[in-house]
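These are the residues of each chain, in order.
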Amino acid sequence: REILALSGGVGGAKLALGLADELRPGELTIVANTGDDFEHLGLNVSPDLDTVMYTLAGIGNAEQGWGLAGESWSAMDALGRYGAETWFRLGDRDIATHLVRSQLLRAGESLSQVTRRLCGALGVAHTLLPMSDDPVRTMVQTDAGELPFQDYFVRRRCEPRVGGFRFDGIDSARPHPQLLERLRSPALGATVICPSNPFVSVAPMLRLPGVEAALRASAAPVIAVSPIIAGAAAKGPAAKMLQELNLPQTAEAVADYYGDLIDGFVIDDADVALAPAIRERGIKVLVVPTLMRNRQDKVGLARRVLAFARALR
Ligand code: GDP
Ligand code: FO1
Ligand code: CA
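Residues numbered from 1 in each chain as written. Chains lettered and ligands numbered in written order. Predicted model: local features only at pLDDT ≥ 70, side-chain atom pairs only at ≥ 80, totals over all residues. Heavy atoms only, no water.

**Structural notes on the coordination of the calcium ion (ligand 3)**
Put simply, the ideal angle at a metal is 109.5 degrees for four donors in tetrahedral geometry and 90 or 180 degrees for six donors in octahedral geometry. Asp 36 (OD), Asp 48 (OD) and Asp 48 (OD) make up the full set of protein donors to the calcium ion (ligand 3), lying at 2.2 to 2.5 Å. In this pair, Asp 36 is assigned in the loop between strand E2 (28-32) and strand E3 (38-40) and Asp 48 in helix H2 (residues 47-57), connecting sequence segments 12 residues apart. Judged by relative accessible area, Asp 36 falls into the buried class, the value being 7%. (Donors = N, O, S within 2.8 Å, 3.2 Å for Na, K, Ca; no water. Helix = DSSP H or I, 4+ residues; strand = E, 2+ residues; numbered from the N terminus. Buried < 20%, exposed > 50% of the residue type's maximum accessible area, 1.4 Å probe, protein only.)

**A few points about the site of ligand 2**
What surrounds ligand 2 is a group of 13 residues, the closest being Asp 36, Asp 48, Phe 88, Arg 89 and Gln 150. Measuring from an oxygen atom of ligand 2, one finds a side-chain N or O atom of Asp 36 at 3.0 Å. Isolated, ligand 2 exposes 520 Å² of accessible area, and the fraction of that covered by the protein chains is 86%. If you list the elements that add at least two residues to the shell around ligand 2, you get H2 and helix H6 (149-155). A total of 4 residues in the shell around ligand 2 trace back to one element, the largest contributor, which is H6. When its residues are assigned to classes, the shell around ligand 2 shows 8 nonpolar, 1 polar and 4 charged. (Near = heavy atom within 4 Å. Polar contact = N/O pair within 3.5 Å; in protein donor to acceptor, adjacent residues only side chain to side chain. Areas by Shrake-Rupley, 256 points an atom, 1.4 Å probe, with all protein chains shown as cover. Nonpolar A, V, L, I, M, F, W, Y, C, P; charged D, E, K, R; others polar.)

**Brief notes about the sheet that holds strand E1 (residues 2-7)**
Read across the open sheet, the 7 strands follow the order E5-E2-E1-E9-E10-E13-E14; overall the sheet is parallel. Single-partner strands in this sheet number two, and they are strand E5 (127-130) and strand E14 (284-288). Going from strand to strand, the sheet's axes swing by 20° on average, the running direction of each strand aside. Helix H8 (residues 198-207) contacts E1, E2 and strand E9 (188-193) of the sheet and is inclined by roughly 120° relative to E1. (Pairing = 2+ DSSP bridges. Axes fitted to C-alpha atoms, helices over the stretch in contact; angles between N-to-C directions. Contact = heavy atoms within 4.5 Å.)

**Quick notes on the environment of Leu 188**
As for its position among the elements, Leu 188 is in strand E9. Judged by relative accessible area, Leu 188 falls into the buried class, the value being 3%. In this structure, the C-alpha to C-alpha distance between Leu 188 and Pro 25, residues 163 residues apart in sequence, is 14 Å. Setting aside anything within four residues of it in sequence, one finds Leu 188 in contact with Arg 1, Glu 2, Ile 3, Leu 4, Arg 182, Leu 183, Ser 218 and Ala 220.

**Looking at the side chain of Thr 34**
Assignment of secondary structure puts Thr 34 in the loop between E2 and E3. The exposure class of Thr 34 is buried, given its relative accessible area of 2%. Each residue touching Thr 34, except ones within four places of it in the same chain, is listed here: Leu 49, Leu 111, Pro 130, Met 131, Ser 132, Val 136 and Arg 137.

**Side note on the sheet that holds strand E7 (residues 145-148)**
Two modes of strand pairing occur in sheets, parallel and antiparallel, and in both the strands are linked by backbone hydrogen bonds. Read across the open sheet, the 3 strands follow the order E7-E6-E8; overall the sheet is antiparallel. Here the strands that pair on one side only, and so sit at the sheet edges, are E7 and strand E8 (162-168). Recorded for the sheet is a direction-independent mean angle of 25° between the axes of neighbouring strands. The pairing of strand E6 (residues 137-142) with E7 spans 4 bridges and is antiparallel.

**Structural notes on the packing of H8 against helix H11 (residues 251-258)**
As a packed pair, H8 and H11 sit with axes 12 Å apart at the nearest point and diverge in direction by 15°. The pairing of H8 with H11 is recorded here as roughly parallel in orientation. By crossing handedness, the relation of H8 to H11 is classed as right-handed. Across the interface between the two elements, Pro 198, Phe 199, Val 202, Ala 203, Leu 206 and Arg 207 from H8 touch Val 254, Tyr 257 and Tyr 258 from H11. In terms of residue class, the contact of H8 with H11 is made up of 8 nonpolar, no polar and 1 charged. (Parallel < 35°, antiparallel > 145°, perpendicular 65-115°, else oblique. Left-handed = near helix turned anticlockwise from the far one by under 90°.)

**Thoughts on the nonpolar core**
One finds Tyr 258 and Phe 265 to be the most contacted residues of the largest nonpolar core, which totals 53 residues. Sequence-distant contacts of Tyr 258, that is, excluding residues within four places in its chain, are made with Ile 193, Ser 196, Pro 198, Val 202, Leu 206, Ala 224 and Phe 265. Counting 40 residues, the second-largest nonpolar core is a separate cluster that includes Leu 111, Val 114, Leu 286 and Phe 308. (Core = buried A, V, L, I, M, F, W, Y, C linked by side-chain atoms within 4.5 Å.)

**Concerning the site of ligand 1**
Neighbouring residues of ligand 1: 21 residues in total, closest Ser 196, Ser 201, Pro 227, Thr 290 and Met 292. For ligand 1, an oxygen atom lies 2.7 Å from a polar atom in the backbone of Ala 234. Bound to the protein, ligand 1 loses 94% of the 590 Å² it would expose on its own. Counting residues per element, the shell around ligand 1 draws most heavily on helix H1 (residues 10-22), which supplies 4 residues. Its residues placed into classes, the shell around ligand 1 shows 9 nonpolar, 9 polar and 3 charged.

Structural data, given as structure tokens:
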């Protein structure tokens, strides 16, 4: 049985690592959001793809949630002396990833081909795919105007008040063919929506033309894991976004956001009181520890999600 995992960066990568430990390479396909992608200093940056890739390769910076462990910053320091842009920090070794990606893209390779090469070189055995080879750019509508995602997230530290989102290019972007293939495959055991930011990490993947319809048509259950635990995000602006969108800051609001697209929802032990209300919507609920601090937590959650998927089939 195959598992399809939809992932953003830090939260998604943690569960993806747990799933990768539990499943053989042919059994797991991870699709990553590319709405965060942008061009910076002449380089093609794909943050969520790289976070998943570095995490699976065992070389990611787990505390930071992006970039490489043990990174050095000489290139950034040198850029600073030229007065060049340093608000978005690319580490010395991370720059190598970006040089290779940018060069191969310029030579005409697709983002998936480039990703396959980078993963191969880093020893990532499981399949990692960009959600699309066509550019999609997340724009954040805020009280400071509409901002490109990285301007909102990194340059302005998620401080502006959010009113909505726009995924530039989404209507003409084709979902990765293997994403649709996996959804249609009779061998699919489940689709797992990782505990990623619903609005800026998961939504771009779901909004790609045909993806929602394929998820609904898929015979396999769709299971989402809540990124909100006890009313807070483990990291990042998900809870702040819920509040600014006038939604309750709860796992229940995340379940509501996915609505009837999901068959199962995984919430934390801390949120057990929310289970009955979510079940009332016809969604099956699994209550388990969902905070992934170490490898054991990641594998533990992955196992429970896989068992839940088998029970829902
Ligand atoms: P980003 O692209 O780097 O922002 O990462 P994601 O969108 O994949 O993940 C961000 C979300 O992951 C945040 O809303 C966090 O609350 C959630 N998250 C991070 N770590 C954990 C964890 O250990 N457990 C759960 N349940 N959620 C987590
Ligand atoms: N996030 C930051 O908050 N500050 C940075 O300087 C930064 C640099 C960076 C470089 C490469 C990369 O792949 C990701 C990077 N990120 C940085 C994370 C990135 O902005 C992600 O889009 C967010 O973490 C949300 O997923
Ligand atoms: Ca992201």
